[in-house]
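Reading the structure
Here's the letter readout for the chains.
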Amino acid sequence: MRVTPWEVSGHIDYDRLTKEFGTSRITKPLLGRLEKAAGESHFMLTRKVFFSHRDLDWLLDRYERGEQFALYTGRGPSGDTHLGHLLPWVFTKWLQDRFDAELYFQITDDEKFVVKEGLELGETTRLAYDNVLDIIALGFDPNKTFIFVDTDYIRSLYKIALEVAKRTTFSTAKAVFGFDNSTNIGTTFWPAIQAAPCFLPSYLKKMNVPVLIPAAIDQDPYWRIPRDIAPRLGYYKPAAIHNTFLPGLQGSDSKMSSSKPESTIFTTDKPDDVKKKIQRAFSGGGATMKEHREKGGNPDTDVACQYLYQMFEPDDKKIKDIFDDYRSGAVSTGEVKDILAKKVIAFLTEHQKKREEAKKKLDKFMLKD
Ligand code: TYM
């Protein structure tokens with residue numbers, strides 16, 4: 001298992017990961033508190049797609065005392081947006097709606113330029129604005145959502161990043177990110193830029209604002225440095241809530257990733273391609289139809305079942321029925337794939353329409369220097 005902000009591979013053991021990263025599982029009482037404050041539950045919480053956190057209990061203490069928090073999340077534009085990216089954003093929208101919270105959305109064209117071989121800055125900036133369309137298409141509140149592309153907002157971020165960078169030794173950065181002598185210095189400084197938005201709402205409002213970061217657990221290393229130094233800067237530590245990974249089409253031992261297009265459904269894929277990709281997805285079913293009918297399949301490893309569970313079938317009763325029938329062999333892999341393909345195609349058809357409309361709305365959302 002390898003989980004860093006830039007690479008996720010191997011079989012992911014989330015229990016081990018929470019221990020190694022030092023995060024906390026979302027316990028039942030904490031889940032209850034969050035649901036109570038939100039006024040409803042969300043299937044990604046009850047199904048433990050969002051499974052871990054840092055200081056969520058502290059954030060709720062503040063909220064219950066009447067202190068409004070802001071949300072912060074982001075995207076590194078190294079390619080087209082895929083369904084895995086949308087997963088935390090769908091949940092972020094729910095958080096924004098339920099808590100009437102401002103959202104700060106960082107697009108890191110600079111990160112993808114310094115970290116990735118073979119990507120030019122012009123290309124990551126172009127991708128940044130293209131990826132923004134996917135964010136707007138999800139329906140975030142234009143009055144409460146502030147999206148910024150780093151290279152076009154660096155003047156505002158830079159002062160905060162400097163405060164962070166000055167208080168972060170190379171030894172700490174090495175321990176957190178595994179840097180060595182061959183790491184370019186753009187990359188060694190860069191974590192200060194992803195730390196900056198943790199304090200941006202406080203900086204802009206000139207008062208301390210609690211911040212909650214919804215993101216997959218691969219991003220957690222980035223929060224260790226700002227959490228360490230927040231007290232020294234007089235800011236609150238950012239709180240975080242972590243999701244598991246939507247697997248790649250090839251199976252649960254991989255995450256959906258832009259760098260592996262064959263494992264990925266992009267938000268711009270056409271219905272026929274979506275259908276073909278899903279038909280080829282890893283199956284947890286029997287090798288033959290006969291074997292499947294006799295022995296049944298395993299929904300925990302079946303990619304189509306997992307996509308329904310994590311993202312595309314919010315109805316608990318329907319999920320239970322599909323999983324029971326799949327386990328007993330009454331429902332085949334092909335049938336589950338058909339159910340999923342219909343859902344994904346319906347979702348993407350609507351999303352692509354909204355993505356087109358988003359082109360006219362950019363100004364309402366973008367923060368620029
Ligand atoms: P990026 O572009 O790699 O990922 C964007 C968001 O999607 C999550 N994610 C996934 N979630 C579920 N299943 C997957 N297969 C999957 N793949 C990616 C990521 O955890 C992330 O939440 N450095 C960041 C950009 C960034 C950021 C942030 C992200 C800047 N500030 C604050 C989160 C929060 C990046 O490259 O994300």
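Look above for the structure.
As a starting point, this report considers the structure included with it. (Residues numbered from 1 in each chain as written. Predicted model: local features only at pLDDT ≥ 70, side-chain atom pairs only at ≥ 80, totals over all residues. Heavy atoms only, no water.)

Counting secondary structure elements, the protein contains 19 helices and 11 strands. For 369 residues, the compact-globule estimate of 2.2 N^0.38 gives 21 Å, and the protein sits close to it at 21 Å. Considered along the principal axes of its C-alpha atoms, the protein spans approximately 65 × 45 × 45 Å. Restricting the contact set of the protein to residue pairs at least 6 apart, pairs at least 24 apart contribute 79%. Within the structure as shown, the protein displays about 16,400 Å² of accessible surface, and the carbon and sulfur contribution to it stands at 51%. (Helix = DSSP H or I, 4+ residues; strand = E, 2+ residues; numbered from the N terminus. Rg over C-alpha atoms; globule rule 2.2 N^0.38 Å. Contact = heavy atoms within 4.5 Å. Areas by Shrake-Rupley, 256 points an atom, 1.4 Å probe, with all protein chains shown as cover.)

Moving on, we come to the site of the ligand. Taken together, 27 residues lie near the ligand, and Arg 75, Gly 76, Glu 111, Gln 194 and Asp 218 sit nearest. At 3.1 Å from a nitrogen atom of the ligand is found a main-chain nitrogen or oxygen belonging to Met 256. With the chains in place, 98% of the 690 Å² that the ligand exposes on its own is no longer accessible. Secondary-structure elements contributing two or more residues to the shell around the ligand are β5 (70-75), α5 (83-99), α6 (109-115), β8 (211-216) and α13 (221-233). With 4 residues, β5 is the single largest residue contributor to the shell around the ligand. Here the shell around the ligand is built from residues that sort into 10 nonpolar, 12 polar and 5 charged. (Near = heavy atom within 4 Å. Polar contact = N/O pair within 3.5 Å; in protein donor to acceptor, adjacent residues only side chain to side chain. Nonpolar A, V, L, I, M, F, W, Y, C, P; charged D, E, K, R; others polar.)

Right, let's get into the sheet that holds β8. Read from one edge of the open sheet, 7 strands run β3-β4-β9-β8-β5-β6-β7, paired in mixed fashion. Two strands bound the open sheet, and with one partner strand each, they are β3 (24-25) and β7 (145-149). As judged from the 5 bridges shared by β5 and strand β6 (residues 103-107), these two strands associate in the parallel manner. Counterpart to Leu 71 in the pairing with β6 is Leu 103. (Pairing = 2+ DSSP bridges.)

Everything listed here is a matter of coordinates, which is why it stays silent on function.
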